[in-house]
Amino acid sequence: MTKRLGAAVCLLAAAVSCAGACGANGKAARSAFIYRSAEPNPQDSAEPLTDHTKVSEQSLLIRDPRVLDSAEFDSCPTETEEKPAPCNEAKGKWSFAQVFRRGMAVGGKTTPAPPDVQTAIDAWRKDLEAKYDPGDGSLIHADSSLNQTVLDNFEKAWGGESGGYPASRIPVRLLAIVNRIDTAVPDLVACASQGQADKDMSGSEIRFEFAGVQAQVAPAAFDYLRIIVEFVLPCQSSTDPNQFPRLARDWYSLSTLDIGSAAYRDKLSQTLDYWVPRAAKARVRIAGASAGSNWTVREYVFQPDGNLVGESLERDLPGELAMCWPLTSPLGRFASGHDTAIRANRYEFTERALSAREQSIKTTQQGVLGLDRAVAPGGDLEKLRHALSINTCRGCHTTETGTNGLHLGQRTKGKRSQISGFLSGASSHGWCTGGDGDGDAQSYCAPRIVTPEGCPAGASATPYHYNDLLRRHLYLDTVVNPPKGTSPGARDWYSKLIGYASLQIH
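Residues numbered from 1 in each chain as written. Predicted model: local features only at pLDDT ≥ 70, side-chain atom pairs only at ≥ 80, totals over all residues. Heavy atoms only, no water.

Participant: Mind showing me how you'd approach the packing of helix α14 (residues 468-480) against helix α15 (residues 491-498) here?
Facilitator: Pairs of packed helices are described in terms of their axes, by the angle between the two and the distance that separates them. In contact at an axis separation of 9 Å, α14 and α15 are set at 160° when each is read in the N-to-C sense. Relative to α15, α14 is oriented roughly antiparallel. Handedness of the α14/α15 crossing: right-handed. Contacts from Tyr475, Thr478 and Val479 in α14 reach Trp493, Lys496 and Leu497 in α15. Residues that form the contact of α14 with α15 fall into these classes: four nonpolar, one polar and one charged. (Axes fitted to C-alpha atoms, helices over the stretch in contact; angles between N-to-C directions. Helix = DSSP H or I, 4+ residues; strand = E, 2+ residues; numbered from the N terminus. Parallel < 35°, antiparallel > 145°, perpendicular 65-115°, else oblique. Left-handed = near helix turned anticlockwise from the far one by under 90°. Contact = heavy atoms within 4.5 Å. Nonpolar A, V, L, I, M, F, W, Y, C, P; charged D, E, K, R; others polar.)

Put into structure tokens, the structure is as follows:
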């Protein structure tokens, strides 16, 4: 199983006065970001930042159609908006074919020629066609839905055998360009193990999320396929201004420009041009919708030859999520032996019993992952349980976050995708729901988390309050504008930053 060093998946706009204590840059002092409390105390919660909406929309989760539908980023040009597929040839430098090519370059350390890109995409497409093999122990939790998704929708929209499957006409639409600088955590040991003892920040990512375009015109966008291309950056120094601080400054500077301008698109492209080729690893995650409400997930990594090879899903669990895992189970034993690392988000599953090559997410699932008290006797069982659950595909995308499968919605040309309340902080009936989260929420959403199924009677349900883009903003702000009295690379700066670092990998 490939080791992932960073935590990797998954909006508050209000005026702020400086009547109280202020930071070095005149902003309201930032207090602890506490989102695990059943009833958060406003004094313990992150305060609103005046530039939050712009930073979120322009530096963290870029989904403005003026950017995504521009010639440089569009992956599915069409003659008319009413004719979504088949796609015309995409020629932009950040179309899917070019992003895929850049992933191949990361894996192979050389820029592949267009014929090589086509060959690699053909091989990957054929693997997506692969049927569920009941004899493959690593696929015991799959339900074959990805196979039907590819055959019935994706390839049909692509054009079929008669016209081939050209990389430049792949039927996908870009939903967002995602800055995941917050997945970097201070990890001197991990960096030293990679021969980079002079570096301390491990795990930043840049992601491109695409959705499959429907083959037929329909009243609304049809969500059947997601493809996320991820570029994992190498360890960086928090004290070298040309490394980690530059990464933060490059992203943050985008919020100072007009997102509808050519200057913004040029700066974004320059930022991507600089950082994407520096990635240490590139991978592709794909999720396909099946009949009903399930999504099947697979993960691939670019190899030295430039091709994609399937790998085990990182930090996902076999069997039912909504069960009380006993100490005698593989997860119980692992959790018991890695309590501190799990709560600090510095762990990887190493047992085959805790990994799978394909997994199904039941979006209607009502239960959450549970751990028997014997797993953490005398310890904080709920913190351990929550950290394990939210770091799985199914936990992050279902009941644990009050989300129905997806954090980012499908979109039509000219529109931006909606985001989940988990990301935006928007609430509806006490849940972090989608459909109303559009970047400007002024509170933390509060999903109702049910008592873990099968665990001892009397355990109380715990609500969690989320506003993930606010958390990411506070992380970015801490790097760009270190809190007064702290300096990058010092223990006090680490302690400030780690409070905003990601707990989610999906």
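Participant: Could you clarify how one ought to interpret the pattern of salt bridges in this entry?
Facilitator: A side chain of one charge can pair with a side chain of the opposite charge if their charged atoms are brought near each other. Evaluated as defined, the whole model comprises 28 salt bridges. Here Arg411 ties to Asp69 by a salt bridge, and the two come within 2.8 Å at their closest N and O atoms. Of this pair, Arg411 sits in the loop between α12 (393-396) and α13 (421-424) while Asp69 sits in the loop between α2 (65-68) and α3 (96-108); the two residues are 342 residues apart in sequence, bridging distant segments of the chain. In terms of burial, Arg411 and Asp69 fall into one category: buried. Linking Asp223 and Arg226 is a salt bridge whose minimum nitrogen-to-oxygen distance equals 2.9 Å. Here the two residues Asp223 and Arg226 agree in accessibility, since each one is buried. Each of Arg180, Asp182, Asp468, Arg471 and Arg472 takes part in a single network of salt bridges with overlapping partners. (Salt bridge = Lys/Arg side-chain N within 4 Å of Asp/Glu carboxyl O. Buried < 20%, exposed > 50% of the residue type's maximum accessible area, 1.4 Å probe, protein only.)

Participant: Looking at this structure, how should I read the state of the cysteines?
Facilitator: Linking two cysteines covalently via their sulfur atoms produces the bond known as a disulfide. What the rule picks out here adds up to two disulfides. Between the sulfur of Cys76 and that of Cys87 lies a disulfide, 1.9 Å long from S to S. Here Cys76 and Cys87 share a disulfide; its torsion about the S-S bond, -85°, makes the bridge left-handed. You can see Cys76 sitting in the loop between α2 and α3 and its partner Cys87 sitting in the loop between α2 and α3, a full eleven residues away along the chain. Across this residue pair, the class does not change: Cys76 and Cys87 are buried. Note that Cys191 is cross-linked by a disulfide to Cys235, the S-S spacing being 2.3 Å. The sign of the -95° torsion about the S-S bond sets the Cys191-Cys235 disulfide as left-handed. Of this pair, Cys191 sits in helix α6 (residues 188-193) while Cys235 sits in the loop between β6 (225-232) and α7 (244-253), placing them 44 residues apart in sequence. The same class applies to Cys191 and to Cys235, which are both buried. (Disulfide = S-S within 2.5 Å.)

Participant: Help me out: how do you make sense of the packing of aromatic side chains in this one?
Facilitator: Taken as a whole and assessed by the stated rule, the structure comprises 13 aromatic pairs. With a centroid separation of 5.1 Å and 75° between ring planes, the pair formed by Phe100 and Phe302 is classed as edge-to-face. Highlighted residues: Phe100 in helix α3 and Phe302 in strand β8 (residues 294-302), separated in sequence by 202 residues. Given a relative accessible area of 6%, Phe302 falls into the buried group. Considering the side-chain rings of Phe208 and Phe231, the 6.0 Å spacing of their centres and the 85° angle between planes classify their relative orientation as edge-to-face. Remark: Phe231 occurs in strand β6 and Phe208 occurs in strand β5 (residues 205-212); sequence separation between them is 23 residues. Neither residue differs from the other here; Phe208 and Phe231 are each classed as buried. (Phe/Tyr/Trp six-rings, centres within 6.5 Å; stacked < 30°, edge-to-face > 60°.)

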